[in-house]
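Descriptive structure summary
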Amino acid sequence: MVFYFTSNVVPPGYTIYMGKDKYENEDLIKHGWPEDIWFHVDKLSSAHVYLRLQKGQTIEDIPKEVLIDCAQLVKANSIQGSKLNNINVVYTAWANLKKTGDMDVGQIGFFKQKDVKSILVEKKVNEIVNRLEKTKDERYPDLAADKESRDREERNEKKAQIQDLKKKEKEEMKKKKEMDDLRNYTTLMRSENMSSNQDGNESDEFM
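Read on for an overview of the structure. (Residues numbered from 1 in each chain as written. Predicted model: local features only at pLDDT ≥ 70, side-chain atom pairs only at ≥ 80, totals over all residues. Heavy atoms only, no water.)

Regarding helix H1 (residues 22-30)
Along an α-helix, residues three or four positions apart point the same way, because every turn accommodates 3.6 residues. Considered for burial, the residues of H1 that qualify are Glu24, Asn25, Leu28 and Ile29. Down the axis of H1, the buried side of the element spans an arc of 150°, and every buried residue falls inside it. Exposed residues lying more than 90 degrees from the buried face of H1 are Tyr23 and Lys30. The N-terminus of H1 is capped by Asp21, whose side-chain oxygen sits 3.0 Å from the backbone nitrogen of Tyr23. (Buried < 20%, exposed > 50% of the residue type's maximum accessible area, 1.4 Å probe, protein only. Helix = DSSP H or I, 4+ residues; strand = E, 2+ residues; numbered from the N terminus. Arc of directions from axis to C-beta. Polar contact = N/O pair within 3.5 Å; in protein donor to acceptor, adjacent residues only side chain to side chain.)

Looking at the sheet that holds strand S9 (residues 137-139)
Strand order in the open sheet made by the 7 strands is S8-S5-S3-S4-S2-S1-S9, with antiparallel pairing throughout. Since the sheet does not close on itself, it has two edges, and those belong to strand S8 (117-121) and S9, each with one partner. Ignoring which end each strand starts from, the neighbouring axes of this sheet average 25° apart. Two elements, strand S5 (residues 87-93) and S8, share 5 bridges in a ladder whose sense is antiparallel. Pairing of Val90 across the sheet is with Ser118, part of S8. (Pairing = 2+ DSSP bridges. Axes fitted to C-alpha atoms, helices over the stretch in contact; angles between N-to-C directions.)

Some thoughts on the environment of Glu157
Position of Glu157 relative to the elements: it lies in helix H4 (residues 143-196). A polar contact is formed between the side chain of Glu157 and the side chain of Lys55, at a distance of 3.4 Å.

Structural data, given as structure tokens:
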């Protein structure tokens, strides 16, 4: 089971999701999207929360209000963190998550520590958590199929872009050839005009 939430503080809205337990977290890690940003309470046990960005957005584009929503949701879903003030929530792009065979279930590392950011959460804000909880939707998605569908769509988009680029290049080559042919024709006509005036007859000669 995966829990989905909607953050509507900034239009058009953002999807936030998390697994029910550490075993489902494994599937979320495995089948994450390039648009996903991972959140977790630093140095404490908590839910793995993901924010799905719009295509083309990066971690730097997360609106502050949405970032706060994610951090509050992570804190609320940490047994220890929910009881403490002034905790740090770390977050990074899904692509930066590192999973090796010797790690425990649900455990994760990072490829680049410098790409891990953090936000300080001073205290739980019930208003934010309650707003998000009202949007909660429990689903049983086929994460692998969803990921494949997303990747297939991206492949088709790239294929269409390549075909469009080739079409434009072909059209440009055609225009260039037409311009070259036109220049050659114009040059040829000029040469013919020059030779036709040199036939040896002077126009002002009289018999």
